[in-house]
Amino acid sequence: MFGIDTESIVNFEQDYYAMEDYQSNIPRWCPGCGDNAILTSVQKLCRDEQLPPEKTVFVSGIGCSSRFPHYMKTYGFHGLHGRALPIAEGVKMHRPDLHVFVNMGDGDCCSIGTAHWIHAIRYNMNIVAMMHDNGIYGLTKKQASPTSPRGLKSNTTPQGAFLDALNPTLTTLSVTNVSFVAQVVEWIPEVLHNVIKAAYHHHGFAFIRIMQRCPHFTPTIFNELLQKPDNIMMLTHPNGLQLSEGVGKLYKNQQEHDPSDMVKAREYATLSDKFAVGILYQNENVPCYEDIRRPKRIFTPEMRQEALEKEFDKFSVQPAS
Amino acid sequence: MKTLDQNKPNGGDNGSAAAENDAFLNTLTAIGEEFEGKGGETATAAAEDSTLTAHKESPLLHLPEVPPALTATEASNHFANLLLFFLSGIRPKAYQKQDYRIDRLTPVLLHAYRDATAVRYHFPLFLSQGAEGLACQPLKSLVDKLAETHCAADDEGQRLKRILLAVESRIKSQLDQSNTGSLKQQWQTAADAVLSTLNLTAERRKDIAARLNTIAETLPDAGELYACHPRVPLLLLQNAQQSAWDTHATRLAKEMHELIFRLEGLLGSEAQPDDPGRTENHSEAALSDPALGELDADIFAEIVSESQPVSLLPEPRRERIRAAREVIAQMQKKYGLVEPGSGRTGAAENAPVRTCREALNRYYERRADLTAFFKAVRIARLEVDNRYREDKHDPYFAGFNEHYLNHREMTAFPPVILHLQSGSLNDADKALLIEILASDMPVKVLFQIDQICESAAAVDPSVNSHPGRQDSLTEPHTNSSTALALNAWTARLPQMALNLQNSYVFQGAIADPEALLEAYQVGLAFEGPALFAVYHPRHAGDDSLAQYINAAAALEARLLPGFRCQPDLGSGLAERFSIGRTPQNDRRWPENELHYQEDSTTETAMMAFTAADFLAQEESLSSQFLAVPRTDWPPQMLPVSEYLDLSEGKRNEKIPFILMAGEDGLLWRVVPTQDVIRLTYQVAANWQALQELGGINNSHVAAVLAAEKERLETEKAREISDLSEQHHAEMAQTVGQLTEEIVSRIAAGLLSEGSATAMPAAPPVPRPAPKKAPAASPAESPAPAPAEAEVEEEEALSFDEPYIDTPLCTSCNDCINTNKAMFAYNENKQAIIKDINAGTFRQLVEAAEKCPVRIIHPGKPKHPDEPGLEELIKRAEKFN
């Protein structure tokens, strides 16, 4: 800013945050749970970007994945089922200077929280939203979720799920003001990290669907992808995801995809035999709600009082002098 | 270049083209336009417009009739008389008459601009604050735009256009009285006045009034008109400064507003409710009905009044925050750092000062304010971010002084504006001014030059004995005793500042207000001191055109060449220095076409406008010139610009002259004194120095170029001679060989009877021996080796050693939970084998089996005596 900027602030010591500075409790997720990989990736992002813990907020709903804020040594808000997004929007609206992340599960986001999800996309606030999609309600011990594959036997669908799974990526892509949509699997840490990083740097609502294994209830639903790397189609682009040599060797099925191409993005979101991984769509030009709505000036309580009293004065009866 | 030679042969055809002079002075390009339109309207229209076309065309320039040729004696007499005047300034007896004074003459190139009512120029100037900042444009271009939009090409449209021009002319004369006024108001008054002078029917008057009103509505609402008067340079500067400061202050105010808001947030976080709030009644009112059923208001009030929250802020911190807030608020008030519309004050803080001492004092005061302000701001920022550490920051802020401020902070408050008049500069100011310009203080100096040259006597009475003057020849009642000198300060101060190399320097004249405003804007934004030297003539009276013409002529005549130097553009002169605003800056003097009549024939000549031409129109110097009629022109006369090109020795045989014209358009040759020529020469030399700085006709470059050209030429000449020698030698050799071959062929033909085809087989050209391929090309042979080595190496690894594909680890804790001593996380929280000996091969295999992403490779067992090894090796196989 003009006149006064960061140069004016005396910085005697460069605070440096290590990974440990973002780790709080030992996660109580099951051994082998994919949420661990997401947690590690996010902690790595915080360290790489040196996010001040006091300026970072993780908001979640209810579910296994929603224990996320407990394991981050930052501010956190473990909210109500399906209500992570409205809380996060409130935080961002009032404190635009904070880095806001949202972690929710597939049940949280695509079932009880659907309305909030749709409108959060439309509001396009500068938030990173990670949907941990394991295709099951894990915390409540195996009930079918909207993203459970058809035929998955669960406590609520002992005969197997009746319906085809909801496609959250396609849904997100079709909402007004969508600005960032990515799809990724948690077991390729490098790609996961790069996509979360891109989402963090995106100015607007960044939605990432993360395919996450549940070792207990849905250990096999991703077998096709885990065992046959060619079933994963890596969407690469100079403006999108770029692979390291090692990952490139392992995942040979690569396709160049320009994230500004919405039509192609929808095509990749609906592949039936393959699973697209990468940034499907990105548009930096969509306005953010907080930028549009943020008041141009801050009003102190005194100013508010003054204005109110001015209004009240119009109705007061003056004693005759 | 034609020189209007009197010996030109008489006669020629009778051309009738009007002599016009429309291309003079780039700064005055638009001047040639005149207000009245051309003829060709209907009688009614002409009658309507009669008041609009009152202006008469200026008389044509013409040479007097060719006089009879001079005899040798006459010529030598005239030459002697003029030489006497040239050398001494004494008017010979023959030229004592009033006719030979130049008071009623104008330099020929300025002749066309004598009638102020007919000329459109940069003034009145319209200054407005637009979306893109402060901008200025001449009223004439505003009127032209209006005419373009509202006036059709038909007669009616053209009549309206003439009315608009009349309004413009009217505004001009209105402003000659008031100097400044708002555009809308001036326009309205002028339009009414013009309308009342028109000879119109009632209906037509109504119609034209309506159309004028429509046009008036499209005029910009805000904005001021300025006539060309001496306060304009300062007014423009103040406007530019205010505009820059407004933008800056709004941003700064917003930041401060937020900062104070946050500081108050810190102080307010522990605000205590007032005592009345703790009373029982208040509690009862505060609790709603259902709550009252379950809560006892008395007890509630008791609890509330007893529970005094402990103060969260330690006292020193609270004091610090308060103090910072206090200082910021104080400065906000002092410098008007409030958002627009909230009644900004503080303009008085920035009224220009008149002496250097005052400027310094104000600068020191402002610097102290800045130091206090930014100290408070920095403390506040630290406090707001909760980063203030007393052990470290206390000593830092205890020693806080102006050296801690960075450049941008130093310029956060409005710069000091110093307004100096060249005529009234005293010695103390002179010394301090250099000090200011050499420093890095943001002091912006407007140095208004009101007189370029003055008599040496006025500068210093002791300079009475000018070296070139012969006192004995001085005639008492002429004014030639005053020797001429460029006013040392006006002419040299900006150039001296240029050499200091750390201040923004601009030199220009009021005749180019757009350049002036631009220079102000850049100079005000410049971090250090800035000097704006602006020429605004003092002696031209109230006539704003005369002042304007004088200023423009000074620019043209190089007496005050326009230049600017902006040190932050780069370290080289090419980047920081420019003489771009001086007209025709690649020439020594600007040259313009002059049309004149001789024997009813229109002639065109190129005329240079020299410093002598400029000086000739200065009233105070009229005694330095002598007008000579055509009958007395000796053949030795030479135009000044050509005279200056002569070598010292040749000048003695010549007398320089300039051309001037009387009101009737009659051309006179005017002989200046030696002093004027010396001054002209000085001006030319000074201009050449500036040109060289500006990269034009640089003498060093020219010398290097000449030397380089000579070197290249010799080199090339040598090459050519070498080549031709070689060629000759080769020719001789080839001819010799051919002769030999022909002779041998003839001989062979003769020897082998009848077989004409038998030719001596040319010896096979020995093919150049193929370059011996190096036995082992260094580029190729070693390459395969590492590849092989790699393979070998890879084979050598042979998966016997256990390892983990760490980058693929998903941190699921499975292996860690198996054996914490054997497995661990690296700094990225991804698994590595920490100590292979800390566990058994069985654990290694189990971990590999558990790993959901199958990245643990157990390899071969280390200890052959582990039980069940065979089975384990089998299980491990699929992971290796």
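Nothing here was measured: the structure is a model prediction, and the numbers come from that model.

Colleague: Explain the overall build of chain B here, please?
Modeller: Within chain B, the secondary structure is distributed over 29 helices and 23 strands. Split into buried and exposed, the 880 residues of chain B put 44% on the buried side. Long-range contacts, defined as pairs at least 24 residues apart, comprise 74% of the intrachain contacts of chain B with a sequence gap of at least 6. Total accessible area on chain B stands at roughly 44,400 Å², and carbon and sulfur atoms take up 54% of it.

Colleague: Quick question: what am I supposed to make of the overall build of chain A here?
Modeller: A count of helices and strands for chain A gives 11 helices and 11 strands. Looking at chain A as a whole, 50% of its 321 residues qualify as buried. A separation threshold of at least 6 residues defines the contact pool for chain A, and within that pool the share at least 24 residues apart is 68%. Counting every atom, chain A has about 15,300 Å² of accessible surface; 54% of that belongs to carbon and sulfur.

Colleague: What's the story with the interface of chain B and chain A in this structure? I'm lost.
Modeller: Every contact between the two is made by 39 residues of chain B and, on the other side, 39 residues of chain A. Note on chain B versus chain A: buried area summed over both sides is about 3,500 Å², and carbon and sulfur give 55% of it. Interface area lost by chain B to chain A is led by F261, R408 and K829 of chain B, which between them contribute 16%. Applying the counting criterion to the chain B and chain A interface returns 0 salt bridges. Run the count over chain B and chain A and you get 6 residue pairs in polar contact (both at pLDDT 80 or more).

Colleague: What am I meant to see in a positive patch on the surface here?
Modeller: Taken together, the side chains of R294 and K296 of chain A together with K254 and R262 of chain B define a basic patch exposed on the protein surface. The exposure class assigned to R294 of chain A is partly exposed, which follows from its relative accessible area of 34%.

Colleague: Which parts of the structure should I look at to understand the packing of aromatic side chains?
Modeller: Any pair of aromatic rings gets described here by the distance separating the centres and the angle formed by the planes. If you walk through the whole model with that rule in mind, you get 27 aromatic pairs over all chains. The interplanar angle of 10° and the centroid separation of 4.7 Å between the aromatic rings of F58 of chain A and F101 of chain A together place this pair among those described as stacked. Of this pair, F58 of chain A sits in strand β1 (residues 56-60) while F101 of chain A sits in strand β3 (residues 99-105), placing them 43 residues apart in sequence. Taken as a pair, F58 of chain A and F101 of chain A share a single burial class, namely buried. Ring geometry for F123 of chain B versus Y548 of chain B: centroids 6.0 Å apart, planes at 75°, classification edge-to-face. A residue pair is termed long-range when its members are at least 10 positions apart, and F123 of chain B in the loop between β1 (106-107) and β2 (125-130) and Y548 of chain B in helix α19 (residues 544-556) qualify at 425 residues.

Colleague: Which parts of the structure should I look at to understand the packing of helix α2 (residues 84-94) of chain A against helix α4 (residues 114-123) of chain A?
Modeller: Angle between the axes and distance between the axes: these two values describe a pair of packed helices. Residue and element names in this part refer to chain A. It is the contact of α2 with α4, at a shortest axis distance of 8 Å, that shows an interaxial angle of 30°. Relative to α4, α2 is oriented roughly parallel. Contacts between α2 and α4 involve L85, P86 and E89 from the first element and H116, W117, A120 and Y123 from the second.

Colleague: Where do I start with the sheet that holds strand β6 (residues 416-421) of chain B in this structure?
Modeller: Whether parallel or antiparallel, the strands of a sheet pair through hydrogen bonds between backbone atoms. Residue and element names in this part refer to chain B. Ordered in space as β6-β7-β11-β10-β12-β13, the 6 strands form an open sheet in which the pairing is mixed. The open sheet has two free edges, formed respectively by β6 and β13 (577-578), since each of these has just one partner strand. Looking at chain direction, strand β7 (residues 443-449) and strand β11 (residues 530-535) are connected through 6 bridges and run parallel. Counterpart to V445 in the pairing with β11 is L531. Contacting β6 and β7, helix α12 (residues 356-384) runs over the sheet at an angle of about 180° to β6. Each of β6, β7 and β11 is contacted by helix α15 (residues 427-438), which is oriented at about 140° to β6, the strand it contacts most.

Colleague: I keep staring at the sheet that holds strand β10 (residues 254-256) of chain A and nothing clicks. Help me out?
Modeller: Residue and element names in this part refer to chain A. Overall, mixed pairing links the 9 strands, which are arranged β2-β1-β3-β4-β8-β7-β11-β9-β10 in an open sheet. Two strands lie at the open edges of the sheet, namely β2 (75-78) and β10, each paired on one side alone. Adjacent strand axes in the sheet meet at a mean angle of 20°, parallel and antiparallel pairs treated alike. The pairing of strand β9 (residues 232-236) with β10 spans 3 bridges and is classified as parallel. In the sheet register, M234 faces β10, and the bridge partner there is Q254.

Colleague: Looking at this structure, how should I read the nonpolar core?
Modeller: Nonpolar side chains in soluble globular proteins generally cluster together in the buried interior. All names here are of chain B. Ranked by internal contacts, the top residues of the largest apolar core, which has 157 residues, are L418 and F614. Ranked by residue count, the leading element in this core is helix α7 (residues 232-268), at 14 residues. Formed jointly, this core draws a minimum of three residues from each of two domains, domain 1 (26-37 + 48-65 + 80-115 + 586-698) and domain 2 (124-227). Excluding anything up to four places from it in sequence, L418 contacts V353, R354, T355, C356, A359, L433, I436, V443, K444, V445 and L446.

Colleague: How do you make sense of the confidence of the model for chain B when you look at a structure like this?
Modeller: A low pLDDT score tells you not to read the predicted coordinates there in detail. All names here are of chain B. Mean pLDDT for chain B: 77, with 77% of residues reaching 70 or above. When the criterion is pLDDT under 50, residues 456-482 qualifies, and its contacts beyond four places in sequence or with other chains add up to 34 contacts. With pLDDT under 50 throughout, residues 755-797 is counted as low confidence; its partners more than four residues away or in other chains account for 4 contacts.

Colleague: Can you help me understand the pairing of strand β16 (residues 625-628) of chain B in this one?
Modeller: Moving residue by residue along a regular strand, the side chains alternate between the two faces of the sheet. Residues and elements named next belong to chain B. Residues F625 and A627 of β16 are buried on one face, and the alternating residues L626 and V628, pointing to the opposite face, are buried as well. Bridge analysis of β16 against strand β19 (residues 667-672) gives 4 bridges, and the strand direction is antiparallel. By the bridge assignment for β19, A627 is matched with V670.

Colleague: Help me understand the confidence of the model for chain A, please; the structure alone is not making it clear to me.
Modeller: Chain-level pLDDT for chain A is 90 on average; 94% of the residues reach the 70-or-more range. Taken as a whole, residues 1-14 of chain A scores under 50 in pLDDT and shows 32 contacts with residues more than four places along the chain or in a different chain.

Colleague: What is the right way to look at the pairing of strand β18 (residues 655-661) of chain B in this model?
Modeller: Residues and elements named next belong to chain B. The buried count for β18 comes to 7 of 7 residues, which makes it a mostly enclosed element. Of the pairings in the sheet, the one linking β1 to β18 comprises 2 bridges and is antiparallel in character. Counterpart to P107 in the pairing with β18 is M660. As paired elements, strand β17 (residues 637-639) and β18 share 3 bridges and run parallel to each other. Counted as the bridge partner of P639 is F657 from β18. Bridge count between β18 and β19: 4 bridges; the pairing is antiparallel. Its bridge partner being in β19, L659 is matched across the sheet by R669. Remark: 5 residues form the turn of the hairpin made by β18 and β19, two consecutive strands paired antiparallel; G665 in that turn has positive phi of roughly 90°.

Colleague: Quick question: what am I supposed to make of the packing of α7 of chain B against helix α18 (residues 513-525) of chain B here?
Modeller: All names here are of chain B. The geometry of α7 relative to α18 is characterised by a closest axis approach of 9 Å and an angle of 45° between their N-to-C directions. Classified by the interaxial angle, the pair formed by α7 and α18 is oblique. Handedness of the crossing formed by α7 with α18: right-handed. Contact with α7, carried on its side by P233, L236, L237, A240 and Q241, involves P513, L516, L517, Y520, Q521 and L524 of α18 and no other residues of that element. A breakdown of the residues in the contact of α7 with α18 according to their chemical character gives 9 nonpolar, 2 polar and no charged.

Quick notes on the rules
- Residues numbered from 1 in each chain as written.
- Chains lettered and ligands numbered in written order.
- Predicted model: local features only at pLDDT ≥ 70, side-chain atom pairs only at ≥ 80, totals over all residues.
- Heavy atoms only, no water.
- Helix = DSSP H or I, 4+ residues; strand = E, 2+ residues; numbered from the N terminus.
- Buried < 20%, exposed > 50% of the residue type's maximum accessible area, 1.4 Å probe, protein only.
- Contact = heavy atoms within 4.5 Å.
- Areas by Shrake-Rupley, 256 points an atom, 1.4 Å probe, with all protein chains shown as cover.
- Buried area = accessible area lost by both parts, 1.4 Å probe.
- Salt bridge = Lys/Arg side-chain N within 4 Å of Asp/Glu carboxyl O.
- Polar contact = N/O pair within 3.5 Å; in protein donor to acceptor, adjacent residues only side chain to side chain.
- Patch = residues over 30% accessible without salt bridge, like charges linked within 9 Å, V, L, I, M, F, W, Y side chains within 5 Å.
- Lys, Arg positive; Asp, Glu negative; His and termini not counted.
- Charge placed at Lys NZ, Arg CZ, Asp CG, Glu CD.
- Phe/Tyr/Trp six-rings, centres within 6.5 Å; stacked < 30°, edge-to-face > 60°.
- Axes fitted to C-alpha atoms, helices over the stretch in contact; angles between N-to-C directions.
- Parallel < 35°, antiparallel > 145°, perpendicular 65-115°, else oblique.
- Pairing = 2+ DSSP bridges.
- Core = buried A, V, L, I, M, F, W, Y, C linked by side-chain atoms within 4.5 Å.
- Domains from an automatic or database assignment.
- pLDDT = per-residue confidence, 0-100.
- Left-handed = near helix turned anticlockwise from the far one by under 90°.
- Nonpolar A, V, L, I, M, F, W, Y, C, P; charged D, E, K, R; others polar.

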